[in-house]
Every structure is written in C-alpha cells, then in structure tokens.
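# Chains, contacts and geometry: an overview
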Amino acid sequence: LLIKAFFVFAILTTMLSCKKNEAFEKTADKDIFSKNNSEEIDAYFLVATANISKAIISKSQIAQQKCQDERIKRLSSKIETNQNELLHEITKMANQKLIIIINTDEKESKNDLYSLIDVTKANFDKAYIDLIIESISDQIELLKSITRETNDTDIIKLSIKYLPTQYRFLDESKALKK
C-alpha cells in the first residue's frame, strides 16, 4: 500500500511539473525578457550620462595640456575629477542593474576631440570653453530630465547630488568665456 501511494504521488508530481513546463514553453520570449519602460529609461540615462562624462573627461585632459590660461587649466582639472567621480558612481549603479555601458555617440565625441587637438594654441582656450559649456549643458539637461522620468530613488539621489556642481561648473565656464 505504501509503495502504491508513493508511486501515485510520483506520477502526480511529474504530471504537475510537466504542465508547469508546458505553460513556460507557451510563454513568448518577448514576455520572458520584457522590461518596463522605466527600466529602459534608466538604462538609457546611465549609458548617456557615462558617455557624456567620458567625453568631458577627455576634453578636460586635453585642456590641461594645451590651455594657456591657468584658470581654465584649474577648472578643467576640477571638472575632470568631478566627472571621474560621477562616472565611477554611474558604472557602479549600472553594474548593480546589470546594464552594460557602451559608447553610443563615439563619432561625435571623437570629432569634438579632434577639433580640440587640431585647434591652434591661440584659439584653444575659447574652443575648449565652448565645447565644455555645451557638454555640461547637455549633462545638466540629462540629469534634470531623469529626475522627472524615473522612479528609481538611487538615480534621483545621484542626479540631485551632481546637479548643483554641474551648474557651478557651467557658471564658471561661462564666466571664463567672457
């Protein structure tokens, strides 16, 4: 009797597990791996912010070598340090969310760098300031927009943490442009 009960239990368990597998097999692949819109927005934000940070870091490194104005050199050094910290936090957050950061606007970024490298020393300071104002403005818009678009508290905290500093760098850059 005990053997029969065990045998019936084993058959029922097998049948139930087959039905669960069958239901899984009928589920469309797009449903299994689907992400909600918020996760896509968060992933886009992390990738875009990382790319802008990398571009700003590269421009600032070139500025530290080619700038004639010591104030611009100091500012570019502070900007580079800040962007490295931001990039580190973005990368850490992306890794926790299993998001791979890829270069999405590599061509535009390289064109900016080539234009900085090719400019004469006499015109370099102005070219750098113009590019850095544009890049920091783009980054500010990205940070502001994500605070409206996401529900992720970590991303919101990161944006709120870095926005005041980016505004300060933008103001300092604009002041040096004059």
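Notes on the structure follow. This one's a predicted model, so the numbers in the text were calculated from it and none came from an experiment.

## Details of the overall build of the chain
In terms of regular secondary structure, the chain is built from seven helices and zero strands. In the chain, the order of α-helices and β-strands from amino to carboxyl end is α-α-α-α-α-α-α. For the chain, with 178 residues in total, the buried portion stands at 36%. Sequence separation of at least 24 residues holds for 79% of the intrachain contacts in the chain that already meet a minimum separation of 6. For the chain, the exposed surface amounts to about 11500 Å²; the carbon and sulfur share of it is 58%.

## A short note on the environment of Glu89
As for its placement among the helices and strands, Glu89 is situated in helix H4 (residues 70-96). Setting aside residues up to four positions removed in sequence, Glu89 forms contacts with Leu158, Lys161 and Tyr162.

## So, the packing of helix H3 (residues 37-66) against H4
Contact geometry of H3 with H4 gives a least axis separation of 8 Å together with a crossing angle of 155 degrees. The angle between the axes of H3 and H4 places the two elements in the roughly antiparallel class. Remark: the crossing between H3 and H4 carries left-handed chirality. For the pair formed by H3 and H4, the contact residues are Phe45, Leu46, Thr49, Ala50, Ser53, Lys54, Ile56, Ile57, Ser60, Gln61, Ala63 and Gln64 on the first element and Lys73, Ser76, Ser77, Ile79, Glu80, Gln83, Asn84, Leu86, Leu87, Ile90, Met93 and Ala94 on the second. Per-class residue counts for the contact of H3 with H4 are twelve nonpolar, nine polar and three charged.

## Let's talk about the packing of H4 against helix H7 (residues 153-177)
Packed helix pairs are characterised by how far apart their axes lie and by the angle those axes make with each other. Where H4 contacts H7, the axes come no closer than 11 Å and their chain directions differ by 165 degrees. Judged by the angle between their axes, H4 and H7 are roughly antiparallel. Helix-helix and strand crossings are classified by hand; for H4 and H7 the assignment is left-handed. Contact with H4, carried on its side by Arg71, Ile72, Leu75, Lys78, Ile79, Asn82, Gln83, Glu85, Leu86, Glu89, Ile90 and Met93, involves Asp154, Ile155, Leu158, Lys161, Tyr162, Thr165, Gln166, Phe169, Glu172, Ser173 and Leu176 of H7 and no other residues of that element. Residue classes in the contact of H4 with H7 are distributed as eleven nonpolar, five polar and seven charged.

## Digging into the nonpolar core
Ranked by size, the top nonpolar core spans 40 residues in total, and within it Phe45, Ile79, Phe124, Tyr128 and Ile136 carry the most contacts. The residues touching Tyr128, leaving out its near neighbours within four places in the chain, are Lys59, Ser60, Ala63, Ile72, Ser76, Ile79 and Leu116.

## A few points about the environment of Phe124
One can find Phe124 in helix H6 (residues 121-149). Judged by relative accessible area, which is 0%, Phe124 ranks as buried. In this structure, the C-alpha to C-alpha distance between Phe124 and Gln68, residues 56 residues apart in sequence, is 8.1 Å. Once residues lying within four places of it in the same chain are set aside, the contact partners of Phe124 are Ile62, Ala63, Lys66, Cys67, Leu116 and Val119.

## Digging into H4
Under the 1.5 Å per step criterion, the end-to-end length of H4 is 39 Å for 27 residues, consistent within 8% with the ideal 39 Å. As for H4, its buried residues are in contact with H3, H6 and H7. One or two residues past the end of H4 sits Leu98, with phi positive at roughly 60 degrees.

## Structural notes on the side chain of Ser53
As for its position among the elements, Ser53 is in helix H3. For Ser53, a relative accessible area of 0% gives the class buried. At a separation of 2.8 Å, a polar atom in the side chain of Ser53 contacts the side chain of Gln83. Beyond its immediate sequence surroundings of up to four residues, Ser53 is in contact with Gln83, Leu86, Leu87 and Gln139.

## Considering the pattern of salt bridges
A side chain of one charge can pair with a side chain of the opposite charge if their charged atoms are brought near each other. For the structure shown, the criterion picks out nine salt bridges. Two residues, Lys177 and Asp130, come together in a salt bridge whose shortest N-O distance is 3.1 Å. Of the two residues, Lys177 is situated in helix H7 and Asp130 in helix H6; the sequence distance between them amounts to 47 residues. Classification of Lys177 by relative accessible area gives partly exposed; the value is 49%.

About the thresholds
Residues numbered from 1 in each chain as written. Predicted model: local features only at pLDDT ≥ 70, side-chain atom pairs only at ≥ 80, totals over all residues. Heavy atoms only, no water. Helix = DSSP H or I, 4+ residues; strand = E, 2+ residues; numbered from the N terminus. Buried < 20%, exposed > 50% of the residue type's maximum accessible area, 1.4 Å probe, protein only. Contact = heavy atoms within 4.5 Å. Areas by Shrake-Rupley, 256 points an atom, 1.4 Å probe, with all protein chains shown as cover. Axes fitted to C-alpha atoms, helices over the stretch in contact; angles between N-to-C directions. Parallel < 35°, antiparallel > 145°, perpendicular 65-115°, else oblique. Left-handed = near helix turned anticlockwise from the far one by under 90°. Nonpolar A, V, L, I, M, F, W, Y, C, P; charged D, E, K, R; others polar. Core = buried A, V, L, I, M, F, W, Y, C linked by side-chain atoms within 4.5 Å. Expected span 1.5 Å × (residues − 1). Polar contact = N/O pair within 3.5 Å; in protein donor to acceptor, adjacent residues only side chain to side chain. Salt bridge = Lys/Arg side-chain N within 4 Å of Asp/Glu carboxyl O.

Scope: geometric values only; no functional claims are made or implied.
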